[in-house]
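Examination of the molecular architecture
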Amino acid sequence: MPGMLEDKVIAITGAGRGIGRAVALLCAAEGAKVVVNDYGVGMDGAEPSSEVATAVVADIEAAGGEAIALADDISTMEAGERLVAAAVDKWGHIDGVVTVAGILRERMLFNMSEDEWDGVIDTHLKGTFTVFRAAAAVMRKQETGGSMVAFTSGVGMWGSVAH
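These remarks concern the structure in this document. Since the structure is predicted, the reported quantities are computational estimates derived from the model, not experimental observations. (Residues numbered from 1 in each chain as written. Predicted model: local features only at pLDDT ≥ 70, side-chain atom pairs only at ≥ 80, totals over all residues. Heavy atoms only, no water.)

Let's talk about helix H4 (residues 114-142)
- Helix length check: H4 (29 residues) gives 40 Å between terminal C-alpha atoms against 42 Å at 1.5 Å per residue, within 8%.
- Remark: the principal bend of H4, roughly 40°, maps to Lys126.
- Taken together, the buried residues of H4 touch strand E1 (9-13), helix H3 (77-91), strand E4 (96-99) and strand E5 (147-150).
- Among the residues trailing H4, Glu143 stands out with phi positive, at a value near 60°. (Helix = DSSP H or I, 4+ residues; strand = E, 2+ residues; numbered from the N terminus. Expected span 1.5 Å × (residues − 1). Bend = angle between axes of the 7 residues up to and from the residue. Contact = heavy atoms within 4.5 Å.)

Here you go:
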């Protein structure tokens, strides 16, 4: 249904690449104003950069949409709050959040460090909590409701040696 998200404000984590990027572009194409959040780290978790988030915003704007970029590590409570606040500060409300952000470490159980494990859990689980918690508080006060969508990997259905 074209325009289904007209004038909705949606914040998306992990929106710089892959599925998150596709979600951000689709939301914008359907009329949403989008907060594109991506910390932009490499596969090893190093070198954070806002370039990937900024590139998605440029694509959305080139197509006539509205978006802002935010490069933040959503595994902290403060970052979850900043994500929601960015939407509210820019457009006055928030209607939805989508948590796609995820990281992986190409390790097997016996050679994965505790720090690597903690990073995965912090991004996937705590990152969803930080965003949902901040969004729920604002959506409740708005009295207009909202939607919260969390993505997970299909690898859990089939398993993988290193995952």
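Overview of the sheet that holds E5
- The strand order across the open sheet built from 5 strands is E3-E2-E1-E4-E5, with neighbouring strands paired in parallel fashion. Looking at the sheet topology across the chains shown, the edges are occupied by strand E3 (67-70) and E5. Within this sheet the neighbouring strands show an average axis-to-axis angle of 15°, counted without direction.
- Alignment of E1 against E4, held across 4 bridges, turns out to be parallel. The residue bridging Thr13 from the neighbouring strand is Thr99, located in E4.
- Sitting on the sheet, H3 touches E1, strand E2 (33-37) and E3, and the angle it makes with E3 is about 150°.
- Each of E1, E4 and E5 is contacted by H4, which is oriented at about 175° to E4, the strand it contacts most. (Pairing = 2+ DSSP bridges. Axes fitted to C-alpha atoms, helices over the stretch in contact; angles between N-to-C directions.)

Let's talk about the packing of H3 against H4
- Orientation of H3 relative to H4, taken along the N-to-C sense of each, is 45°, at an axis distance of 8 Å. By the angle class used here, H3 and H4 are oblique. Viewed along their axes, H3 and H4 form a crossing whose handedness is right-handed. On H4, the residues touching Met77, Gly80, Glu81, Leu83, Val84 and Val88 of H3 are Lys126, Phe129, Thr130, Val131, Arg133, Ala134, Ala135 and Val138. (Parallel < 35°, antiparallel > 145°, perpendicular 65-115°, else oblique. Left-handed = near helix turned anticlockwise from the far one by under 90°.)

Thoughts on a nonpolar patch on the surface
- Together, Ile19, Val149 and Phe151 make up an exposed nonpolar region whose accessible area comes to about 260 Å².
- Structurally, Ile19 is set in helix H1 (residues 18-29).
- Judged by relative accessible area, Ile19 falls into the exposed class, the value being 52%. (Patch = residues over 30% accessible without salt bridge, like charges linked within 9 Å, V, L, I, M, F, W, Y side chains within 5 Å. Areas by Shrake-Rupley, 256 points an atom, 1.4 Å probe, with all protein chains shown as cover. Salt bridge = Lys/Arg side-chain N within 4 Å of Asp/Glu carboxyl O. Buried < 20%, exposed > 50% of the residue type's maximum accessible area, 1.4 Å probe, protein only.)

Some words on the side chain of Thr123
- Note that Thr123 resides in helix H4.
- Excluding residues that lie within four positions of it along the chain, Thr123 makes contacts with Ile74, Ser75, Ala101, Gly102, Ile103 and Thr128.

Concerning the side chain of Asp95
- Along the polypeptide, Asp95 turns up in the loop between H3 and E4.
- One buried charged residue, Asp95, forms no salt bridge at all, with the nearest opposite charge on Lys8 at 4.5 Å. (Lys, Arg positive; Asp, Glu negative; His and termini not counted.)

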